[in-house]
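Chains, contacts and geometry: an overview
The chain contents come next:
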Amino acid sequence: MGKNIVILNGSPRKNGNTSALVQAFTKGAQSAGHTVTEFFLDKMDIHGCKGCFGGHSSRECPCVQRDDMAQIYPAVKDSDVVVLATPLYYWNMSGQLRTAVDRLFALEEGDGNLLRGHNRASALLMAAEGHGFEDVLLYYNHLMGHLNWKNLGHVLAGGNGDVGDIEGKSELQQAYNLGSSI
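Residues numbered from 1 in each chain as written. Predicted model: local features only at pLDDT ≥ 70, side-chain atom pairs only at ≥ 80, totals over all residues. Heavy atoms only, no water.

**Quick word on the overall build of the protein**
Per the secondary structure count, the protein includes five helices and five strands. In terms of overall dimensions, the protein is globule-like: its C-alpha atoms have a radius of gyration of 16 Å, near the 16 Å expected for 182 residues. Along the first, second and third principal axes, the C-alpha atoms of the protein reach 45 × 40 × 25 Å. Buried residues in the protein amount to 49% of all 182 residues. Of the contacts formed within the protein by residues at least 6 apart in sequence, a portion of 77% connects residues at least 24 apart. Accessible surface for the protein amounts to roughly 8500 Å². Of this, 48% is attributable to carbon and sulfur atoms. Averaging the locations of the 15 positively and 19 negatively charged side chains of the protein gives two centres separated by 4 Å. (Helix = DSSP H or I, 4+ residues; strand = E, 2+ residues; numbered from the N terminus. Rg over C-alpha atoms; globule rule 2.2 N^0.38 Å. Buried < 20%, exposed > 50% of the residue type's maximum accessible area, 1.4 Å probe, protein only. Contact = heavy atoms within 4.5 Å. Areas by Shrake-Rupley, 256 points an atom, 1.4 Å probe, with all protein chains shown as cover. Lys, Arg positive; Asp, Glu negative; His and termini not counted. Charge placed at Lys NZ, Arg CZ, Asp CG, Glu CD.)

**Some points on the sheet that holds strand S5 (residues 150–157)**
Two modes of strand pairing occur in sheets, parallel and antiparallel, and in both the strands are linked by backbone hydrogen bonds. One open sheet accounts for five strands, arranged S2-S1-S3-S4-S5; its pairing is parallel. Either end of the sheet is taken by a strand with one partner, and the two such strands are strand S2 (35–40) and S5. Averaged over neighbouring strand pairs, the angle between their axes works out to 15 degrees when direction is ignored. Sheet contacts for helix H1 (residues 17–31): strand S1 (4–9), S2, strand S3 (81–87), strand S4 (121–127) and S5; angle to S1, the most-contacted strand, approximately 175 degrees. (Pairing = 2+ DSSP bridges. Axes fitted to C-alpha atoms, helices over the stretch in contact; angles between N-to-C directions.)

**Structural notes on the nonpolar core**
The biggest cluster of nonpolar side chains holds 36 residues, and the ones touching the most others in it are Leu8, Leu41, Ile72, Leu84 and Leu104. Of all the elements in the fold, those that place two or more residues in this core are S1, helix H2 (69–77), S3, helix H3 (95–103), S4 and helix H4 (134–147). Here this core takes six residues from H4, the largest share from any one element. Dropping the residues within four chain positions of it, Leu84 is found in contact with Leu8, Met93, Leu97, Val101, Ser122, Ala123, Leu124, Leu125, Tyr140 and Leu143. Ranked by size, the runner-up nonpolar core spans 22 residues in total, among them Val22, Ala121, Val155 and Ile166. (Core = buried A, V, L, I, M, F, W, Y, C linked by side-chain atoms within 4.5 Å.)

**Remarks on the packing of aromatic side chains**
Counted according to the given criterion, the structure contains two aromatic pairs. Ring centres 5.8 Å apart and planes at 85 degrees place the aromatic pair Phe53 and Phe105 in the edge-to-face group. Taken together, the residues span a long stretch of sequence, with Phe53 in the loop between S2 and H2 and Phe105 in the loop between H3 and S4 at a distance of 52 residues. Given the relative accessible area of 32%, Phe105 is considered partly exposed. Seen from the ring of Phe40, Lys14 lies directly overhead, with NZ or CZ sitting 4.6 Å from the centre. (Phe/Tyr/Trp six-rings, centres within 6.5 Å; stacked < 30°, edge-to-face > 60°. Lys NZ or Arg CZ within 6 Å of the ring centre and 35° of its normal.)

**Things to note about the layout of surface pockets**
Of the pockets and cavities examined, the largest pocket occupies roughly 280 Å³. Lining the largest pocket are 19 residues, and of these Pro87, Leu88, Tyr89, Ala128 and Glu129 lie nearest its centre. Residues that form the lining of the largest pocket fall into these classes: eight nonpolar, nine polar and two charged. Empty space within the second largest pocket amounts to approximately 160 Å³. Taken together, 15 residues make up the lining of the second largest pocket; nearest its centre are Val101, Leu115, Tyr139, Leu143 and Leu147. Of all the secondary-structure elements, those providing two or more residues to the lining of the second largest pocket are S3, H3 and H4. Among the elements that line the lining of the second largest pocket, the one with the most residues is H4, at five residues. The residue makeup of the lining of the second largest pocket, split by class, is 11 nonpolar, one polar and three charged. (1 Å grid on protein atoms, 1.4 Å probe; cavity = no way out; pocket = protein on both sides within 12 Å on 5 of 7 lines; lining within 4 Å. Points joined across faces, edges and corners; volume = space filled by probe spheres on them. Nonpolar A, V, L, I, M, F, W, Y, C, P; charged D, E, K, R; others polar.)

And the structure:
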């Protein structure tokens, strides 16, 4: 039975190296019979978390803010796998992805925790000019532990500064294989 996979693509480039990883992963996942929904966060209106603790997980829109996260909340609630895709910016995830991840906290508030556990899993796809992934991997592993999500693995593609640098590299096949292995 196919899984429901949500990809949060935090790249600002629709046709960049991170998006190439997302495309390869998606092809692999779809070849295995899974349904994939991608959110290209850079083109969405998503505001930063206010830290107000006013969210309620059981509401249709669990956050007090009304923006494009309203599209993401139901998809994440119904997902089996959440893929975080991002370029490496200053040894961390992009601001687009970090903002969306912060806002997912609303699913933990109020009437019940609809984010942690629930037999959910995650994978990480990253492209970067350099190779310094250690700090973001530490954060990602802590996040997986907090959420009690199974870590399915990651594809870390260093040495990709310009758009298209990733073409022909083994990380694209790794992303496809990760998608098809779910």
